Structure formats: structure tokens, C-alpha cells
Amino acid sequence: MTDAKTIAFTQEEVHNIIKTVLDEVIGPNAYNYADSVMWNQQAVEGITKKLVGFNRPYKYIVTSSLFQIGSGSGLNVSTISYWNKATDGMNSIFLWIYLRY
């Protein structure tokens, strides 16, 4: 039987996945609403793909919010959810990553 601790994600693992994907998708680009729609979709898909790639026995819900700080602020939110209320539990990790290049 596999120990739950050997298959659990650490916060550091998840943070590194998110940071890597955001660096790949957004890089040093300034916020642009038109681009943020595509970035958000690519970020959610990329993070989900990397999590699934670990082959751990979980289902994933990945939510991403991209927004500009300051005057003329913009906001774009994207999510993917695969959920079975009868059989699935939940664990939530909230990470605030401020990218400034």
C-alpha cells in the first residue's frame, strides 16, 4: 500500500509548477487584456498538465486570475473543474504570485 505522504504534493512543488508555467506563458510581457485571455487559458492548461504528469491519484481543479494592478486595471479569470460530489474530496492551496519584471 502506498503511503499518503509519498503521493501528496508539497506547497513548494505546486508553487514551482505554477511559477514555471507562468514564466513560460507570460514571461516578461506587460499586462494586456487581449493577451490575458490566451495567457489565462494556457496557464490553466499548462498547470493542469504538469500536475497530471506526476501520475498521482488525484483529480484537479485549477483556477487562475490575472489582473493588472494600478489605474486602468483589468481582470481575467479562468478555471477548469472535473468533480464528482459523490466520490471526491477536496484540498485547497492558495498562492499569490506577483510577477514584476
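From a predicted model like this one, the values you see are computed outputs, not experimental measurements. (Residues numbered from 1 in each chain as written. Predicted model: local features only at pLDDT ≥ 70, side-chain atom pairs only at ≥ 80, totals over all residues. Heavy atoms only, no water.)

A. Up close: helix α2 (residues 11-25). With 15 residues, α2 should reach 21 Å at 1.5 Å per residue; the first-to-last C-alpha distance of 21 Å fits that figure. Those residues of α2 not exposed but buried are V14, I17, I18, V21, L22 and V25. What you see down the axis of α2 is that its buried residues fit within an arc of 125°, all on one side. Turned more than 90 degrees from where α2 packs its buried face, E12 and E24 sit exposed. Elements in contact with the buried residues of α2: α3 (33-52). Among the residues trailing α2, G27 stands out with phi positive, at a value near 60°. (Helix = DSSP H or I, 4+ residues; strand = E, 2+ residues; numbered from the N terminus. Expected span 1.5 Å × (residues − 1). Buried < 20%, exposed > 50% of the residue type's maximum accessible area, 1.4 Å probe, protein only. Arc of directions from axis to C-beta. Contact = heavy atoms within 4.5 Å.)

B. The nonpolar core, seen in detail. Residues I26, I47 and L51 are the most contacted members of the largest nonpolar core, which totals 16 residues. Counting only elements with at least two residues in this core, the list comes to α2, α3 and β1 (61-67). It is α2 that provides the largest number of residues to this core, a total of six residues. Every residue in contact with I47, bar those within four places of it in the chain, is listed here: I17, I18, V21 and V62. (Core = buried A, V, L, I, M, F, W, Y, C linked by side-chain atoms within 4.5 Å.)

C. Examining the packing of aromatic side chains more closely. Enumeration over the complete set of coordinates arrives at one aromatic pair. Centre to centre, the rings of Y58 and Y60 are 6.4 Å apart; their planes meet at 65°, and the pair counts as edge-to-face. According to the relative accessible area criterion, Y58 is partly exposed, its value standing at 35%. Judged by relative accessible area, Y60 falls into the buried class, the value being 12%. (Phe/Tyr/Trp six-rings, centres within 6.5 Å; stacked < 30°, edge-to-face > 60°.)

Remember that the coordinates give geometry; whether it matters functionally is a separate question.
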